[in-house]
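# Commentary on secondary and tertiary structure
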Amino acid sequence: MIGRGYRLIPLLGVLLLSACGSGEERSYRVDYSPEPPVRGGLYTFSVHPLHNPQRLHEVFAPLMHYLSRNIEGVEFRLEASRNYAAYNAKLYAAQHHFSLPNPYQTLKSLEHGYHVFGKMADDENFRGIILVRRDSGIREPSDLKGKTVSFPAPTALAATLMPQYYLHSHGLDVNSDIDSNYVGSQESSIMNVFLGNSAAGATWPPPWRALSAERPELAEQLEVAWQTESLPNIGLVVREDVPEALVQRVGSLLFSLHESEEGRAILERMRLSRFEPADDEHYAPVREFLERFRAEVRAVE
């Protein structure tokens, strides 16, 4: 049954990290920019738990450096959260100026003083995948009946809601036929399968590609059993009180990252080709999916 509890496993020590305290936060200093000045100060930029906090800093810290260096008088501080619940609480309290929420959280942020000004491109990557061990003998979704399936968090769209809808549409009642184990991060969901704690584990392509590239034994012993359809990728949202001149400058820098060698190196860390402009209406397909999910599968909140 969903809600049987959260069970975490160690992941080489990194899941013991907490990014909610000030000890995990980093500040990024300004150098010089030829652009006209915007209102200066410190701006927080949060990212939903795409990765555990340590990996998230490794991936997104260069972007904070880049923005700070190219906007005169402004510092950007990256904020990571230890899990989805912590991130959601801060986002819905409007604690951050800029954020990269998943599409579900993007829609929720519109109710809490944010609006969409861009998004990650590569929508084909925003889909769920379900991993099993190659030696598991699992070939059909029905083979998971009575078994444990790991997910990052109840509100992870690509890595939880979309895989659960896939299993539902293939004959499984995800509220009773499987034991849904919410393990806190993408990496932990993958590792639960590798270590045999789960019969299957859900995630989405970027963290699977990154972790399996670093640890080839994962690709040797795990395989993608099924994948879902795609939805619009992760949103870029900004709090309504952020000066429009700054929003435009940040957007200009993000949307042109793919045009320079330095920018492409930053994007490569994210396994992303580029950022692109977007607005609130871009996420209408996500709203439609969530309505269908709530009606057919379970409540989300």
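For the structure, check the block above.
A brief report on the enclosed structure follows. (Residues numbered from 1 in each chain as written. Predicted model: local features only at pLDDT ≥ 70, side-chain atom pairs only at ≥ 80, totals over all residues. Heavy atoms only, no water.)

So, about the packing of aromatic side chains. Per the stated rule, a full pass over the model turns up 10 aromatic pairs. Pairing Phe-151 with Tyr-182 gives two aromatic rings, centres 5.9 Å apart and planes at 40°, and the pair type is tilted. Residue Phe-151 is found in strand β6 (residues 148–151), and its partner Tyr-182 is found in strand β7 (residues 179–182); the two are separated by 31 residues along the sequence. Across the pair, Tyr-182 and Phe-151 agree in class, each one buried. In textbook terms, an aromatic cluster arises when at least three aromatic residues are bridged by ring pairs, as seen for Tyr-43, Phe-45, Phe-76, Phe-98 and Phe-117. A cation over a ring is seen here: Lys-108 above Tyr-92, with NZ or CZ 6.0 Å from the ring centre. Its end group placed over the ring of Tyr-165, Arg-292 keeps NZ or CZ at 5.4 Å from the ring centre. (Phe/Tyr/Trp six-rings, centres within 6.5 Å; stacked < 30°, edge-to-face > 60°. Helix = DSSP H or I, 4+ residues; strand = E, 2+ residues; numbered from the N terminus. Buried < 20%, exposed > 50% of the residue type's maximum accessible area, 1.4 Å probe, protein only. Lys NZ or Arg CZ within 6 Å of the ring centre and 35° of its normal.)

Take the packing of helix α4 (residues 157–169) against helix α10 (residues 284–296) next. The geometry of α4 relative to α10 is characterised by a closest axis approach of 11 Å and an angle of 50° between their N-to-C directions. As judged from the angle between their axes, α4 and α10 are oblique. When you trace α4 past α10, the crossing you get is left-handed. Taken together, the residues of α10 that come into contact with α4 (itself represented by Leu-157, Leu-161, Met-162, Gln-164, Tyr-165 and His-168) are Val-286, Phe-289, Leu-290, Arg-292, Phe-293 and Glu-296. (Axes fitted to C-alpha atoms, helices over the stretch in contact; angles between N-to-C directions. Parallel < 35°, antiparallel > 145°, perpendicular 65-115°, else oblique. Left-handed = near helix turned anticlockwise from the far one by under 90°. Contact = heavy atoms within 4.5 Å.)

Pairing is mixed in the open sheet, where 6 strands are placed in the order β2-β1-β3-β10-β4-β11. At either margin of the open sheet sits one strand with a lone partner, and together these are β2 (74–79) and β11 (275–277). Shown here is a sheet whose adjacent strand axes are inclined to one another by a mean of 30°, direction ignored. Sheet analysis places strand β4 (residues 114–120) next to strand β10 (residues 235–239), joined by 5 bridges and oriented antiparallel. (Pairing = 2+ DSSP bridges.)

In short, shape yes, function no, at least from these values alone.
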